[in-house]
Amino acid sequence: MRRITPCCRIALTLLVIAAGLRTARADEVQATANLIDRHIEARWKIDGVVPAELSDDAEFFRRINLHIGGVIPTVWEVRSFVADPTPDKRRQAVEHLLSGPRYIAHFTSTWRKVMLPETETDPNLRALAPEFEGWLRQRLIDNTSYDRMVRELLTAPLSRSNAMTMGNTGREATPAGFFAAKEMKPENLAAGSARTFLGVRIDCAQCHDHPFDAWKRRQFWGYAAFFAGIVPARAGSDDIPVQQSVEVFDRRELAIPDDINQRVVQATFLNGDQPEWKPRTSSRQTLADWITARDNPYFARATVNRLWAHFFGLGLVDPVDDLSPANIPSHPELLDELGREFARHDFDLQFLIRAIVNSRTYQLTSRRTHDSQDEPSRFARMAVQGLTAESVYRSLQRATGAAPPDVADRSVVLFAPQGEDQQFRELFANVTDRPIDRQTSILQALLIMNGPQTDVRQLRILEAILAFPDLTAAEQIETLFLSTVSRLPAAAESARLVQAVEAQASPDERRKVLGDILWALLNSSEFLFNH
Amino acid sequence: MPANSPHAPFTPAWSVPLSRRRWLQVTGGLSAAAGASWLPQLAACAQQTGVRPRSCILLWMSGGPSHIDLFDLKPEHENGGEFKPIDTAAPGVQICEHLPKLAEQARRLAIIRSMSTKEGDHARATHVMRTGYLPQGPIQYPALGSLLSKELISADCELPGYVSISPFIGLAPAAFGPGFLGPQYAPLIVGSSGPGQSDAALRVQNVESHPGTDAPQVDRRLSLLQGFEADFAAARPGLMVDSHRSAYASAVRMMRSEGIKAFDLDDEPAELRDRYGRNTFGQGCLLARRLVERGVPFVEVSFSGTEGALGWDTHQQNFPTLKTLCGTLDPAWATLMDDLGQRGLLDSTLVVWMGEFGRTPSINNNAGRDHFPAAWSTVLGGGGIRGGQALGKTSADGMTVAERPVTTADLLATVVQAVGLDPTKQNMSNVGRPIRLADPAARPIEEVLA
């Protein structure tokens with residue numbers, strides 16, 4: 001009856017191949033993770049570093065949930081992970097996170113901030129974010145290779161009549177916001193694309209030859225000339241530029257502004273090469289192909305460095321977007337080799353994430369056991385890192401039971417004009433690219449201490465714990481710890497807190513003390529940071 | 001924690017506002033010695049020097065005020081427009097007829113009529129005037145308020161060093177932030193000047209504990225938190241946990257301080273509140289005085305207009321709009337000078353009035369004036385300033401600076417020097433390059449410095 005049709009046979013064959021590929025990939029992930037560890041350990045030997053120990057399961061689990069999913073795990077998830085006897089469970093947890101909605105939500109927001117940083121700092125440009133995120137989300141769901149994403153972005157059609165209103169209508173998912181955020185100006189697009197995708201800062205060469213760096217003014221404007229065809233139209237000097245842009249596809253030269261010699265430069269790559277122009281290929285396309293080429297010395301390394309900084313809180317090159325020759329990486333060979341591996345694996349972002357988080361280096365504890373671990377660029381213990389505004393908000397929601405888990409899984413509604421997360425966005429906006437030196441402000445402290453999100457009289461998690469029949473004080477405290485700092489309390493901690501609860505005579509007083517413990521946990525460094 | 005950490009003085013400090021008795025109760029006396037010895041030391045220090053630390057109040061005019069109608073009138077020229085000049089308390093110095101109260105304060109003011117800057121775009125000009133630098137590349141330049149308050153704040157000030165009242169930050173948010181100095185130097189923002197905001201909002205958000213929590217309970221919570229922090233810091237020492245503890249210490253200190261009462265404007269006599277003007281800017285100026293009185297070194301009051309967010313941006317109907325704006329500006333600013341003077345605060349308080357640029361001398365077809373950075377005015381007054389003068393000149397038509405051009409950097413260096421600081425002092429930036437308080441090319445305006 002059941003004949004295998006040729007069609008099915010092909011499908012089956014493909015399945016077998018796919019399964020084989022997955023195993024092959026798992027091996028290659030491990031090989032790349034080992035490569036990371038080899039380089040990091042080699043430097044430890046030279047520097048006489050005594051590295052920290054491996055993290056315990058709860059520490060690792062909270063960490064990857066925040067780094068990959070952008071939100072702390074639920075009580076149940078922590079319990080199951082800690083209790084799971086599978087030897088391979090860390091790797092499986094990473095796979096689970098990468099295939100779920102939290103990864104998509106968190107990295108959509110992460111990449112939007114990288115590619116469209118203006119949406120974080122300029123309220124007028126926030127309207128560009130939804131459609132940009134719409135585009136990113138779909139690419140991340142498809143796990144589109146990074147080089148293709150960047151090519152799509154750099155060659156996005158700009159035929160709209162009014163780019164500033166696109167965001168409001170949310171009509172279409174498109175990365176065109178990149179161009180609107182740069183005001184459609186060739187110089188801004190040049191500076192922005194070089195910095196974001198190549199880790200090359202040519203901005204200063206816009207006005208003058210840079211005294212330290214290799215970039216010359218002529219080079220800057222030669223690079224900017226790839227965007228020369230975009231003709232921005234301004235409605236008036238006063239308003240936000242309204243993009244009624246026209247693109248002249250074959251314009252590939254620019255006059256250097258205010259140049260005493262009135263030079264006009266032809267579109268030229270940053271390395272000085274002249275492009276080979278092909279018919280029907282726009283100058284933006286030509287540039288995009290050069291930027292994302294496997295042998296571009298910057299593209300893969302810049303991306304590897306960004307993801308490294310995402311997970312370790314500090315890039316191999318720091319600042320994260322400055323790969324200039326004068327700025328030497330902490331581990332140059334590692335950066336080169338990881339860049340090569342990333343390119344060799346078709347710029348697969350998930351591959352790179354897997355390799356990083358499966359390394360032993362990433363899985364070290366953040367507990368300090370030796371003073372040689374204090375220099376963050378040695379990566380000898382996991383750095384304590386600040387969270388994004390979204391992560392703080394979503395984690396507070398999850399810890400306190402303020403939102404059902406499926407809502408917490410999705411990104412917060414970022415662009416509601418007066419959403420309750422507004423304060424979080426304002427007060428926790430990133431001011432530094434280095435999560436390892438994010439500082440707490442007074443207004444942040446006031447918000448977490450006294451804001452509605454920590455008003456324990458109204459928190460469901462406390463209701464649930466009190467309503468659950470026959471929980472001992474120890475079990476109640478255990479649940480509060482799992483819900484907030486995603487670990488079990490240490491024995492001494494538990495004893496101290498149980499005593500404080502049990503010393504209270506009335507149920508009301510006990511409830512009050514439990515509320516105080518919850519409040520203190522929500523305000524703690526351990527809750528508010530990733531570590 | 002490194003010894004030179006900026007947080008060192010605060011480390012165990014949420015204990016400080018507690019009474020010694022309660023502090024002992026809460027902590028079991030563990031670090032009581034440190035807590036108890038801390039405050040008297042500071043008090044002694046302040047008494048010893050006897051010098052009141054300097055403060056600065058910046059009156060920020062969003063949109064670019066029309067200097068030619070306010071401080072550099074040209075009654076002889078067709079560009080002059082319809083406003084008439086009036087004499088002031090300073091011989092030979094004339095200003096706009098719609099600033100009569102301010103005219104009485106002119107001995108305390110130095111008008112700079114020869115500002116010459118380059119930026120005519122709101123966002124870029126705002127960034128330049130408020131940070132001293134163009135937004136350029138990766139360096140996150142701090143706002144003037146962050147720079148000065150970092151240098152001027154004294155350890156016994158219970159309030160943050162930089163308070164920003166009703167700012168309209170939308171156009172150039174970075175110009176209102178601490179930049180590479182970090183959030184510790186971020187402004188405490190009260191009120192916001194979006195359309196429809198009233199002076200009711202001039203309070204600190206989230207400064208009250210949750211309803212129903214009494215003082216002992218708050219102490220218990222903080223003591224629990226202190227326990228968690230101590231454990232975390234022992235295992236994972238570093239900047240992050242230090243910064244967290246320091247911010248909480250400052251926040252708790254502010255919540256419990258007498259200083260927080262600065263925001264209760266109802267404590268002031270109704271008559272004085274009326275004199276400042278019952279509007280956001282007027283009450284903001286009053287709040288500025290109350291904050292300076294309590295040791296806050298930098299307060300800015302933004303005046304973004306009575307209706308829109310960029311009220312000074314008078315491209316149309318320049319004259320009636322300005323008249324309305326002057327009706328708010330004049331009593332608020334004049335009363336501020338007077339009030340500071342009466343309370344003996346004026347010698348130690350520099351008052352700066354400026355926007356991002358001036359406006360075109362020529363009047364456009366909509367009876368308005370457009371953006372004009374080439375030749376315009378700012379005003380300095382109070383502490384550190386030799387008042388009663390107008391410095392520099394513009395040409396008869398107002399189009400160019402005729403005498404004594406002053407750049408943005410010159411002006412900011414003057415401000416820095418007027419509050420007793422060295423403009424060449426450096427801060428390390430986020431890109432590892434040291435940045436001076438004011439641009440190295442700047443020359444402070446000696447003529448206006450007292």
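Residues numbered from 1 in each chain as written. Chains lettered and ligands numbered in written order. Predicted model: local features only at pLDDT ≥ 70, side-chain atom pairs only at ≥ 80, totals over all residues. Heavy atoms only, no water.

### Structural notes on the overall build of chain B
Part 1 of the argument: When helices and strands are tallied, chain B shows 12 helices and 16 strands.
Part 2 of the argument: Burial analysis of chain B (450 residues in total) assigns 58% to the buried set.
Part 3 of the argument: Once local pairs closer than 6 in sequence are excluded, the contacts in chain B between residues at least 24 apart make up 73%.
Part 4 of the argument: Summed over all atoms, the accessible surface of chain B reaches about 17,000 Å², with 51% contributed by carbon and sulfur. (Helix = DSSP H or I, 4+ residues; strand = E, 2+ residues; numbered from the N terminus. Buried < 20%, exposed > 50% of the residue type's maximum accessible area, 1.4 Å probe, protein only. Contact = heavy atoms within 4.5 Å. Areas by Shrake-Rupley, 256 points an atom, 1.4 Å probe, with all protein chains shown as cover.)

### Examining the overall build of chain A
Part 1 of the argument: Regarding its fold elements, chain A presents 25 helices and six strands.
Part 2 of the argument: For chain A, the residues scored as buried account for 57% of the 531 residues in total.
Part 3 of the argument: A fraction of 70% describes how many contacts in chain A between residues 6 or more apart in sequence connect residues 24 or more apart.
Part 4 of the argument: Accessible area for chain A stands at about 22,800 Å²; split by element, carbon and sulfur atoms hold 54% of it.

### Quick look at unusual backbone geometry
Only a minority of non-glycine residues have a phi that is not negative, and only a minority of peptide bonds are not trans.
Part 1 of the argument: Cis rather than trans, the peptide bond between D318 of chain A and P319 of chain A has omega equal to 0°.
Part 2 of the argument: Relative to the assigned elements, P319 of chain A resides in the loop between helix 14 (299-312) and helix 15 (332-344).
Part 3 of the argument: Unusually for a residue other than glycine, D470 of chain A sits at a positive phi of about 60°.
Part 4 of the argument: Looking at where D470 of chain A falls in the secondary structure, it is placed in the loop between helix 21 (460-467) and helix 22 (473-484).
Part 5 of the argument: Using a relative accessible area of 73% as the deciding quantity, one classes D470 of chain A as exposed.
Part 6 of the argument: Its identity as a non-glycine residue notwithstanding, R404 of chain B has a phi of 55°, on the positive side.
Part 7 of the argument: Locating R404 of chain B in the fold gives a position in the loop between strand 14 (401-403) and helix 12 (408-418).

### As for the pairing of strand 5 (residues 162-165) of chain B
Residue and element names in this part refer to chain B.
Part 1 of the argument: What you see with strand 5 is no split at all: Y162 and S164 on one side and V163 and I165 on the other are buried throughout.
Part 2 of the argument: Relative to strand 7 (residues 298-303), strand 5 runs parallel, the two being bridged by four bridges. Paired with I165 across the strands is V301, a residue of strand 7.
Part 3 of the argument: Sheet analysis places strand 5 next to strand 6 (residues 188-190), joined by three bridges and oriented parallel. Along strand 6, the bridge assignment pairs S164 with I189. (Pairing = 2+ DSSP bridges.)

### Things to note about the packing of aromatic side chains
Part 1 of the argument: Following the criterion strictly, the structure yields 34 aromatic pairs over all chains and no others.
Part 2 of the argument: For the ring pair F71 of chain B and W333 of chain B, a centre distance of 5.9 Å and an interplane angle of 70° mean the geometry is edge-to-face. Here F71 of chain B, found in the loop between helix 3 (67-70) and strand 2 (85-87), pairs with W333 of chain B, found in helix 11 (residues 318-342); they are 262 residues apart in sequence, far enough to count as distant. W333 of chain B shares its class with F71 of chain B; the two are buried.
Part 3 of the argument: Three or more aromatic residues joined by ring pairs make a cluster, and in this case those are Y103, F107, W308, F311, F312, Y362 and F379 of chain A.
Part 4 of the argument: Over the face of the ring belonging to F176 of chain B we find R130 of chain B, whose NZ or CZ atom lies 3.7 Å from the ring centre. (Phe/Tyr/Trp six-rings, centres within 6.5 Å; stacked < 30°, edge-to-face > 60°. Lys NZ or Arg CZ within 6 Å of the ring centre and 35° of its normal.)

### What to know about the nonpolar core
Part 1 of the argument: In terms of nonpolar packing, the biggest core is built from 115 residues, with L59 and W333 of chain B touching the most fellow members.
Part 2 of the argument: For this core, the element with the highest residue contribution is helix 11 of chain B, accounting for 10 residues.
Part 3 of the argument: Grouped together as the second largest cluster of nonpolar side chains are 101 residues, F220, I230, L334 and I436 of chain A included. (Core = buried A, V, L, I, M, F, W, Y, C linked by side-chain atoms within 4.5 Å.)

### With respect to the pairing of strand 11 (residues 376-382) of chain B
Residue and element names in this part refer to chain B.
Part 1 of the argument: Buried residues dominate strand 11, accounting for seven of its seven residues.
Part 2 of the argument: Pairing between strand 4 (residues 109-115) and strand 11: five bridges, direction antiparallel. What sits directly across from M115, in strand 11, is W376.
Part 3 of the argument: With four bridges joining them, strand 8 (residues 349-355) and strand 11 adopt antiparallel strand pairing. Opposite L350, over in strand 11, you have G382 as the bridge partner.

### Concerning the interface of chain A and chain B
Part 1 of the argument: In this assembly, 58 residues from chain A lie in contact with 54 residues from chain B.
Part 2 of the argument: Together chain A and chain B conceal approximately 4,800 Å² of surface at their shared face, both sides included; 60% is due to carbon and sulfur atoms.
Part 3 of the argument: One can count four salt bridges joining chain A with chain B.
Part 4 of the argument: Here chain A is connected to chain B by 15 residue pairs in polar contact (both at pLDDT 80 or more).
Part 5 of the argument: Residue assignment for the side of chain A that touches chain B shows that the elements contributing at least two residues are strand 5 (385-386), helix 20 (442-450), helix 23 (491-502), helix 24 (507-522) and helix 25 (525-528) of chain A.
Part 6 of the argument: Among the residues making up the side of chain A that touches chain B, the classes are represented as 23 nonpolar, 17 polar and 18 charged. (Buried area = accessible area lost by both parts, 1.4 Å probe. Salt bridge = Lys/Arg side-chain N within 4 Å of Asp/Glu carboxyl O. Polar contact = N/O pair within 3.5 Å; in protein donor to acceptor, adjacent residues only side chain to side chain. Nonpolar A, V, L, I, M, F, W, Y, C, P; charged D, E, K, R; others polar.)

### Section: the state of the cysteines
Residue and element names in this part refer to chain B.
Part 1 of the argument: Counted according to the given criterion, the structure contains zero disulfides over all chains.
Part 2 of the argument: Between C56, a free cysteine, and C285, which holds the nearest cysteine sulfur, the sulfur-to-sulfur gap is 13 Å.
Part 3 of the argument: Residue C56 is classed as buried on the basis of its relative accessible area, which comes to 0%.
Part 4 of the argument: Take C285: its relative accessible area is 0%, and that puts it in the buried class. (Disulfide = S-S within 2.5 Å.)

### Brief notes about the confidence of the model for chain B
Part 1 of the argument: When the pLDDT values of chain B are averaged, the result is 85; 85% of them are 70 or greater.
Part 2 of the argument: Two numbers describe this predicted complex: its pTM, 0.79, and its ipTM, 0.89. (pLDDT = per-residue confidence, 0-100.)

### Brief notes about the sheet that holds strand 7 of chain B
Residues and elements named next belong to chain B.
Part 1 of the argument: Strand order in the open sheet formed by eight strands is 6-5-7-1-8-11-4-12, and the pairing between neighbours is mixed. The open sheet has two free edges, formed respectively by strand 6 and strand 12 (389-391), since each of these has just one partner strand. Averaged over neighbouring strand pairs, the angle between their axes works out to 15° when direction is ignored.
Part 2 of the argument: Helix 5 (residues 122-131) contacts strand 1 (55-61), strand 4, strand 5, strand 7, strand 8 and strand 11 of the sheet and is inclined by roughly 165° relative to strand 1.
Part 3 of the argument: Sitting on the sheet, helix 12 is in contact with strand 1, strand 4, strand 8 and strand 11, with an inclination near 160° to strand 8. (Axes fitted to C-alpha atoms, helices over the stretch in contact; angles between N-to-C directions.)

### Things to note about the packing of helix 7 (residues 215-235) of chain B against helix 8 (residues 239-256) of chain B
Residues and elements named next belong to chain B.
Part 1 of the argument: Packing of helix 7 against helix 8 brings their axes to within 11 Å, and their N-to-C directions diverge by 165°. Judged by the angle between their axes, helix 7 and helix 8 are roughly antiparallel. Handedness of the crossing formed by helix 7 with helix 8: left-handed. On helix 8, the residues that touch V218, D219, L222, L225, E229, A230, F232 and A233 of helix 7 are V241, H244, R245, Y248, V252 and R256.
Part 2 of the argument: A breakdown of the residues in the contact of helix 7 with helix 8 according to their chemical character gives nine nonpolar, one polar and four charged. (Parallel < 35°, antiparallel > 145°, perpendicular 65-115°, else oblique. Left-handed = near helix turned anticlockwise from the far one by under 90°.)

### Thoughts on the environment of C326 of chain B
Residue and element names in this part refer to chain B.
Part 1 of the argument: Within the secondary structure, C326 is located in helix 11.
Part 2 of the argument: Spatially, the C-alpha atoms of C326 and H98 are 6.0 Å apart, while their sequence positions differ by 228 residues.
Part 3 of the argument: Leaving out residues up to four positions away in the same chain, C326 has contacts with L70, H98, L99 and P331.

### Examining the environment of Q444 of chain A
Residue and element names in this part refer to chain A.
Part 1 of the argument: When you line up the elements, Q444 lands in helix 20.
Part 2 of the argument: The exposure class of Q444 is buried, given its relative accessible area of 9%.
Part 3 of the argument: Residues in contact with Q444, not counting those within four places in the same chain, are L427, F428 and Q439.
Part 4 of the argument: A polar contact is formed between the side chain of Q444 and the backbone oxygen of L427, at a distance of 2.7 Å.

### Some words on the pattern of salt bridges
Residue and element names in this part refer to chain A.
Part 1 of the argument: Within the structure shown, the criterion is met by 59 salt bridges over all chains.
Part 2 of the argument: Ionic pairing is found between K113 and E390, a salt bridge with its closest N-O pair at 2.9 Å. In this pair, K113 is assigned in helix 5 (residues 101-115) and E390 in helix 17 (residues 389-400), connecting sequence segments 277 residues apart. Grouping residues by exposure puts K113 and E390 together as buried.
Part 3 of the argument: Here R487 and E493 are joined by a salt bridge, their closest N and O atoms 3.0 Å apart. Side by side, R487 and E493 carry an identical accessibility label, which is buried.

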